[in-house]
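# Summary of the model geometry
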Amino acid sequence: QVQLVESGGGLVQAGGSLRLSCAASGGTFSLYTMGWFRQAPGKERQCVAVIGWSGGLSYYADSAKGRFTISRDNAKSTVYLQMNSLKPEDTAVYYCARHSINLSWGTDKLDFTSWGQGTQVTVSS
């Protein structure tokens, strides 16, 4: 059973940066596509960025392009989300998730069945 633990959230002013980390335990991390999702109050959970199992393939939501970077370190079983130029509309709980099937790609939240507990990101104006 995989466990995902996010860290790195917090309160930051608009224009600032944060780096989220997600440490995985259980399972073979290097075989799975990983993703970052976020959910703001009253809104559906949405995909922010996804990275393939080898790190060679990535996807960004339009809202994240040019500002966020997803990366992974398979030796450390950790996936990261570097967030720059943060905006108040980035305020949300950010979740790390693992794809349901090894060596498979997808960006829909329904493709991901293992989730972390989330970390709050608050961007003040």
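Summarised in this report is the structure supplied together with it. Please read these numbers as outputs of a predicted model, since none were measured by experiment.

### Here's the deal with the pairing of strand 11 (residues 119-124)
- Of the two faces of strand 11, the one lined by Thr119, Val121 and Val123 is fully buried and the one lined by Gln120, Thr122 and Ser124 carries no buried residue.
- Pairing geometry for strand 9 (residues 92-99) and strand 11, over 3 bridges, is antiparallel. Bridge pairing in strand 11 links Ala92 to Val121.

### What to know about the pattern of salt bridges
- Scanning all chains against the criterion turns up 4 salt bridges.
- Salt-bridge contacts for Asp90 lead to Arg38; the nearest nitrogen and oxygen are separated by 2.9 Å. A residue pair is termed long-range when its members are at least 10 positions apart, and Asp90 in the loop between strand 8 (78-83) and strand 9 and Arg38 in strand 4 (residues 34-39) qualify at 52 residues.
- The residue Asp90 makes a salt bridge to Arg67 at a minimum N-O spacing of 2.7 Å. You can see Asp90 sitting in the loop between strand 8 and strand 9 and its partner Arg67 sitting in the loop between strand 6 (58-60) and strand 7 (68-73), a full 23 residues away along the chain.
- Classification of Arg67 by relative accessible area gives buried; the value is 12%.

### Examining the environment of Val5
- By the secondary structure assignment, Val5 is in strand 1 (residues 3-7).
- Taking the C-alpha atoms as reference, Val5 lies 19 Å from Gln46; in sequence the two are 41 residues apart.
- In this structure, Val5 is in contact with Ser21, Cys22, Ala23 and Gln117, ignoring residues within four places of it in sequence.

### Quick notes on the sheet that holds strand 7
- The 4 strands are arranged 1-3-8-7 in an open sheet whose pairing can be described as antiparallel. Each edge of the open sheet is held by one strand with a lone partner, namely strand 1 and strand 7. Here the average twist between neighbouring strands, direction ignored, is 15 degrees.
- By the bridge criterion, 6 bridges tie strand 7 to strand 8 in an arrangement that is antiparallel. The residue bridging Asp73 from the neighbouring strand is Thr78, located in strand 8.

### As for the packing of aromatic side chains
- According to the stated counting rule, one finds 3 aromatic pairs in the structure shown.
- An angle of 70 degrees between the planes, with centres 5.1 Å apart, marks the rings of Phe37 and Phe112 as edge-to-face. Of the two residues, Phe37 sits in strand 4 while Phe112 sits in strand 10 (residues 112-115), which places them 75 residues apart along the sequence.
- Between Tyr95 and Trp115 the ring centres are 6.4 Å apart and the planes differ by 80 degrees, which places this aromatic pair in the edge-to-face class. Here Tyr95, found in strand 9, pairs with Trp115, found in strand 10; they are 20 residues apart in sequence, far enough to count as distant.

Reading the values: the criteria
Residues numbered from 1 in each chain as written. Predicted model: local features only at pLDDT ≥ 70, side-chain atom pairs only at ≥ 80, totals over all residues. Heavy atoms only, no water. Buried < 20%, exposed > 50% of the residue type's maximum accessible area, 1.4 Å probe, protein only. Helix = DSSP H or I, 4+ residues; strand = E, 2+ residues; numbered from the N terminus. Pairing = 2+ DSSP bridges. Salt bridge = Lys/Arg side-chain N within 4 Å of Asp/Glu carboxyl O. Contact = heavy atoms within 4.5 Å. Axes fitted to C-alpha atoms, helices over the stretch in contact; angles between N-to-C directions. Phe/Tyr/Trp six-rings, centres within 6.5 Å; stacked < 30°, edge-to-face > 60°.

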